[in-house]
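Fold and contact review
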Amino acid sequence: MPEMKTPVAETLVIGAGELGLAVITGLLEQNAECTRSISVLLRPSSGGTRTDIARQLKQKDLQIVYADLATETVEDLSALFAKFNTIICCTGFVGGPGTQRKITSAVLKAGVDRYVPWQFGVDYDVVGRGSGQPVFDEQSDVRDMLRNQSATRWIIVSTGIFTSFLFEPAFGLVDLQGAKVRALGSWDNRLTVTTSEDIGRLTASILAHKPPIQDEVVYVAGDTFSYAQLAEKMEHYLGRPVIRELWDMDRLRAEVAAHPDDGIRKYLLAFARDTGVAWDKKQTFNALQGIEVTDAMTWLKHQQRHVA
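Description of the structure in this document. Since we're looking at a predicted model, the values are computed, not measured.

**Quick notes on the overall build of the protein chain**
Counting its regular elements, the protein chain contains 13 helices and 13 strands. The principal-axis extent of the C-alpha atoms belonging to the protein chain is close to 60 × 45 × 40 Å. Here the protein chain, with 308 residues, has 50% of them falling under the buried criterion. Sequence-distant contacts, at least 24 apart, represent 79% of the contacts inside the protein chain between residues at least 6 apart. Summed over its atoms, the accessible surface of the protein chain is roughly 14500 Å², and 49% of this surface lies on carbon and sulfur atoms.

**Focus on the sheet that holds strand S9 (residues 180–184)**
The three strands are arranged S8-S9-S13 in an open sheet whose pairing can be described as mixed. The sheet is open, and its two borders are formed by strand S8 (174–175) and strand S13 (243–247), each paired with just one other strand. Most of the contacts of helix H9 (residues 227–238) go to S9, to which it runs at about 170 degrees, and overall it touches S8, S9 and S13.

**Focus on the environment of Leu176**
Summarising the element assignment, Leu176 is placed in the loop between S8 and S9. Distance from Leu176 to Leu238, taken between C-alpha atoms, is 8.3 Å for residues 62 residues apart in sequence. Apart from the residues within four sequence positions on either side, Leu176 is in contact with Met234, Tyr237, Leu238, Arg240, Leu300 and Gln304.

**Things to note about unusual backbone geometry**
Each neighbour pair has its own omega, and for Lys210 with Pro211 the value is -5 degrees, a cis peptide bond. Even without a glycine there, the phi angle at Asp61 is positive, about 70 degrees. Tracing the backbone shows Asp61 in the loop between helix H2 (49–59) and strand S3 (63–66). Judged by its relative accessible area of 34%, Asp61 falls in the partly exposed class. The residue Ala179 is not glycine, and still its phi comes out positive at about 50 degrees.

**Re the sheet that holds strand S7 (residues 161–162)**
Two modes of strand pairing occur in sheets, parallel and antiparallel, and in both the strands are linked by backbone hydrogen bonds. The strand order S7-S10-S12 describes an open sheet built from three strands, whose pairing is mixed. Here the strands that pair on one side only, and so sit at the sheet edges, are S7 and strand S12 (223–226). Bridge analysis of strand S10 (residues 190–194) against S12 gives four bridges, and the strand direction is antiparallel. Among the inter-strand pairings, Arg190 is bridged to a residue of S12, identified as Ser226.

**Some words on the state of the cysteines**
Inspection of the entire model under this criterion finds zero disulfides. Free cysteine Cys89: the closest other cysteine sulfur is in Cys90, separated by 6.8 Å. Under the relative-accessibility criterion, Cys89 is labelled buried at 0%. The class for Cys90 is buried, based on a relative accessible area of 7%.

The rules behind these values
- Residues numbered from 1 in each chain as written.
- Predicted model: local features only at pLDDT ≥ 70, side-chain atom pairs only at ≥ 80, totals over all residues.
- Heavy atoms only, no water.
- Helix = DSSP H or I, 4+ residues; strand = E, 2+ residues; numbered from the N terminus.
- Buried < 20%, exposed > 50% of the residue type's maximum accessible area, 1.4 Å probe, protein only.
- Contact = heavy atoms within 4.5 Å.
- Areas by Shrake-Rupley, 256 points an atom, 1.4 Å probe, with all protein chains shown as cover.
- Pairing = 2+ DSSP bridges.
- Axes fitted to C-alpha atoms, helices over the stretch in contact; angles between N-to-C directions.
- Disulfide = S-S within 2.5 Å.

This is the structure:
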């Protein structure tokens, strides 16, 4: 049984990338007076971008703790985590295979009261193992670890993919310059997308909800649409026809077989599904709570104006 502890801070946010910063902003919007109760875990750095981020966080009166998730042991992380009541993991798979299992093991060993794991993505209960994307299998392992214990309360926030990733050229679904939209598996397959800013706000709202939400998967969505609907949206946005290209399962499997170390190709295969990667927006936490969110085209218009 974990030893009794006196927390030095209420909440630890692991990571300060796109999602971590959005979650921090969401927490501060919920309670602007809580800066001293929020700590942020960063990887040690002697300079560069991470130093700038640390400086910006300190200017907000947030606390900084340093640890390298890739090299720290479960025991070391557990000792660090034991100081906190709530831990929100906002760092994904950059630490390599097994990182999420390690973090979860350390959280449970530390006896943390409440944990929000890095599950900001698809419905891993539906997708299950063997999707073609090995990191999805690890996410299923994390869910098993959480459900097989009762000491730490947990909340999983299912968001679909980040809206920014939908338009990422490397992902290949939307080619703005070439006016092209590609569908994975079928034009009827659907995607749910949510902006990182909305994920941050909604995660903070879920954590603050009364009565408390615990040991649940909570669904949020900024937008849900089929690939056919996405093509129509893009035609309306661009003001001209778009090229439609279907990447069927045979093609996607062949691409993975030919490039077994390519993570993007594995993602494309994993997302070529008619279940587990989309859910009706009207049944989400944000819809039921009446919280406004940003749909995909509104996000894109904002980004294009910002670039211009």
